[in-house]
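# Results of the structural survey
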Amino acid sequence: MAAAVLGMWLPIYFGPLSEWMKENPPPFIAWMEQHTTFAVVLFMAATALAVLGSMARPPNEPQPVADLAETLATAVAEQWRREETALQLQAPWPIPLRWKNTARPVADHWEAINDAQNLGEPVDLSGRLDGDGRADDDGIVGAFHRVASRRLVILGAPGAGKTVLALNLVLHLLDRRQEGERVPVLLSMGSWDPDQETLRSWMARRLAEDDPALRTRSRSGVTLGQELIASGRVLPVLDGLDEMPPKARSGALVALSRQLGRGEPLVLTCRAEEYELTVESSVLTAAAVVELCPLAPADLQTYLRVSTAPARTGCWDPLFAEVESAPGGPVAQALSTPLMAWLARTAYMDTSPAEPAELLAEKEGVRRFATRAAVEEHLVERLVPAVYSRDLPGEDTLRWSGEEAHRWLSFLARHLGRFRTPDLAWWQLGTTVPLAARMVLVGIATGVVYGLLSCLVHGLGGFGLMDILVSGLLNGSMTGLSFGLAHGIAAKFIDGAFQPSRVRLSLRGRQTGRARPRVLPRFMAGLAVGPIAQVTGNLLAGVVNVAAYQEPFWLLARVLNAGFWGLPIGVGAALVLGSTAWFEEPIDTQEATSPTALLNTNRATVLRQALVLGVVFGLLILLGSWVMAGLLPRHMWGTTVVWTPAVGLRSGILSGLGSALVAALALTAWGRWVILARGWLPLTGRLPWAVSAFLEDAHRRGVLRRNGAFYQFRHTRLQHHLAPVPPPLPPQRHSQPRFHLSGMLRRQEHGRVGEPDSDGEMSR
């Protein structure tokens, strides 16, 4: 509607008829000036109907914990079955996994594991995973059930299949789960800081990130996620202890042992060497430990042969001969892990022009890839060009080349390296830009939006071209400056300010017992910000007017203008912000089950809230200014108070709706995504223009995987290849780590790391 009106009026106001329009205003403007009361009442009635209609949807009634556990089980099963299909873990042929009781001194005493003083004999936990492994009692679920304490640690070399085994365990347990049993939930440990959060609070936060309904507070005052965990409805399957910083691993194990009660189950995965170094002083209480075995040569040959087209299976013969003749050679060692076997199959797939024999190539009698590390690095390097060299099913043309994809994926890997996390969140991509630059970009974007809206409103009000342009430039500049500063303050001092909105507005929000911030802080914030913004903006505008017109009178006029509009705007902002606390409820569970779904839901939620709150705010400004005009004398200090319903209506639309829209851009996760991830980063070549489509395409090609609301690289080896990081210092075996506090420690977004400072460095 705005575009249609703008297209109709701009040629008139900005064309050769502009002078004539001043003397002969359009009938609509003249009619509105003569029938302002009727027009305002009609506008208010239509607005009230629109607002009530948008908020009158049925509320999300809170579920009992038992029913919520069943809903969670269904959602987890659907999520990981889709992920299993997307990652092609069973296609075209599954890689068999074998494990056995570890020989490393990392398990607790068998009396503690068997939960009996006279049962100190080890239990054989060895097994094999063939196919999906969900009907085989000798599989990982059988091993888990043979552990009386229900605490199992899965160790293995990098790429040995720890995550695949944990995922299979989750799906198997869900397939056989009876009503009332615990729901296995697979969580990545890279996002946990045991010094900042307890295990249960971290789990509740992670579950709520994937399922906003779990933020709902029960009658006891805790969230449903916390109640679900406290009531013993969740079985934590924690993946990737080795992804945590070295100094945090021992603290995590100590926290697990202390915070889990006797009989509470747990599954944990970690690289073998890192785990052995971590548990030197203290093991995980009552936990049995198994370790994945290297891939057998026969299993490797079967996987590569069966997963290749019959006409091309001969290409593997040189590699098979090498593995058999030199089992200790670099090729045989490299291909002893499922990850490298999958990478070899992907790098030399049926459509690839390259041949596996290049791994055996020699130059002047010297092997090109003479070490295991060289072979593995080459296979990892071949992944991105290989998967981006073919069309996906249902795709007509290739959208991105391998070179482009490699550049953008490297940028994402560096971003995760800076944040020390495996979780790629779309709402955090903008933090790659230094804070000072973010403030400038947000200020420019909000200033342009508000300036254009100001031009439109004043253009429809019958103002001249010069007045329209000056007001647009002035209002846009002041708004951009204010919201750029507000963005910086929120990013620096408000923890979690730019997380996706997890609430919606509902007329029955208060009746559903939903979690909501306190009303008073919001009310006081609105009451303070409104007048401050008016005074600041009008003083700056007064200085500009005095400089332009060389008349000091304009400064007095602007001061009076700030006093007149400051109170209605402050009271309106206080009422709007305060009252929303009574009408908020978490968004529906089914609306945010993946990163893309969460982004779409967040966009719709933010825009809907901006429209509703902007219209209500505008109406409050209109009514407040009418009251002020009636209370104040018409003549003050040589100036005349001029107010008509049309003036109030224009000011309400501009201040109310304009402020809501620019606040949505400057102070929300979706706004930061639009300005930075969809604008600035593609403009500077660090990301493609279609960021969401690129991430989803990388997921479909097997480069990324999805974990709830986050993307992750399929393996940390790929992430480190794309963005090399210096190796951590070796752990000290003889002493406990010491922590030196420097500066102010503060909790950051997601409890992991924080916003980069203005110079791009991290606050620690």
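In this text the structure is predicted, and so the values were computed from the model without any measurement.

Reading guide: rules and limits
Residues numbered from 1 in each chain as written. Predicted model: local features only at pLDDT ≥ 70, side-chain atom pairs only at ≥ 80, totals over all residues. Heavy atoms only, no water. Phe/Tyr/Trp six-rings, centres within 6.5 Å; stacked < 30°, edge-to-face > 60°. Helix = DSSP H or I, 4+ residues; strand = E, 2+ residues; numbered from the N terminus. Buried < 20%, exposed > 50% of the residue type's maximum accessible area, 1.4 Å probe, protein only. Lys NZ or Arg CZ within 6 Å of the ring centre and 35° of its normal. pLDDT = per-residue confidence, 0-100. Contact = heavy atoms within 4.5 Å. Core = buried A, V, L, I, M, F, W, Y, C linked by side-chain atoms within 4.5 Å. Pairing = 2+ DSSP bridges. Axes fitted to C-alpha atoms, helices over the stretch in contact; angles between N-to-C directions. Right-handed = clockwise from strand over helix to strand, strands pointing away.

This paragraph deals with the packing of aromatic side chains. Following the criterion strictly, the structure yields seven aromatic pairs and no others. Centre to centre, the rings of Trp 192 and Trp 202 are 5.5 Å apart; their planes meet at 20°, and the pair counts as stacked. Remark: Trp 202 occurs in helix 9 (residues 199–210) and Trp 192 occurs in the loop between strand 4 (183–188) and helix 9; sequence separation between them is 10 residues. On the basis of relative accessible area, Trp 202 is assigned to the buried category, the value being 0%. A centroid spacing of 5.8 Å and a plane angle of 80° characterise the contact between Trp 426 and Trp 673, whose relative ring orientation is edge-to-face. One end of the pair, Trp 426, is in the loop between helix 18 (402–419) and helix 19 (435–460); the other, Trp 673, is in helix 25 (residues 669–683), with 247 residues separating them in the sequence. Judged by relative accessible area, Trp 673 falls into the buried class, the value being 4%. Between Arg 150 and the ring centre of Phe 144, over which it is positioned, the NZ or CZ distance is 5.9 Å.

Close reading of the predicted structure is inappropriate where its pLDDT is low. Across the protein chain, the average pLDDT comes to 77, with 73% of residues at 70 or higher. When the criterion is pLDDT under 50, residues 510–516 qualifies, and its contacts beyond four places in sequence or with other chains add up to 23 contacts. Taken together, the stretch residues 727–764 has pLDDT below 50 and engages in 79 contacts with residues farther than four places along the chain or on a different chain.

Secondary-structure assignment places Thr 346 in helix 16 (residues 338–347). Excluding anything up to four places from it in sequence, Thr 346 contacts Leu 383, Ala 386 and Val 387.

Among the nonpolar cores identified, the biggest contains 84 residues, and Leu 379, Tyr 388, Leu 409, Leu 412, Phe 694 and Phe 713 are the most heavily contacted of them. By size, the runner-up hydrophobic cluster in this structure holds 76 residues, among which are Ile 140, Leu 167, Leu 224 and Cys 270.

It is worth spelling out the sheet that holds strand 1 (residues 97–101) at this point. Taken in spatial order, the seven strands line up as 2-1-7-3-6-5-4 in an open sheet, and their pairing is mixed. Since the sheet does not close on itself, it has two edges, and those belong to strand 2 (127–129) and strand 4, each with one partner. For this sheet the average axis-to-axis angle between neighbouring strands, irrespective of direction, equals 20°. Bridge analysis of strand 3 (residues 151–156) against strand 6 (residues 266–271) gives six bridges, and the strand direction is parallel. Looking at strand 6, one finds that Gly 156 is bridged to Arg 271. Sheet contacts for helix 5 (residues 65–86): strand 4 and strand 5 (234–239); angle to strand 4, the most-contacted strand, approximately 55°.

With six of six residues buried, strand 5 lies mostly within the body of the structure. Burial along strand 5 is two-sided: Val 234, Pro 236 and Leu 238 and Leu 235, Val 237 and Asp 239, pointing in opposite directions, are all buried. In this sheet, strand 5 lies alongside strand 4 in parallel orientation, the contact comprising six bridges. If you follow Pro 184 over to strand 5, its bridge partner there is Leu 235. The pairing of strand 5 with strand 6 spans two bridges and is parallel. Each bridged residue has a counterpart across the sheet, and for Leu 238 the counterpart in strand 6 is Leu 268. A crossover links strand 5 with its parallel partner strand 6, the connecting element being helix 11 (residues 246–259), and its sense is right-handed.

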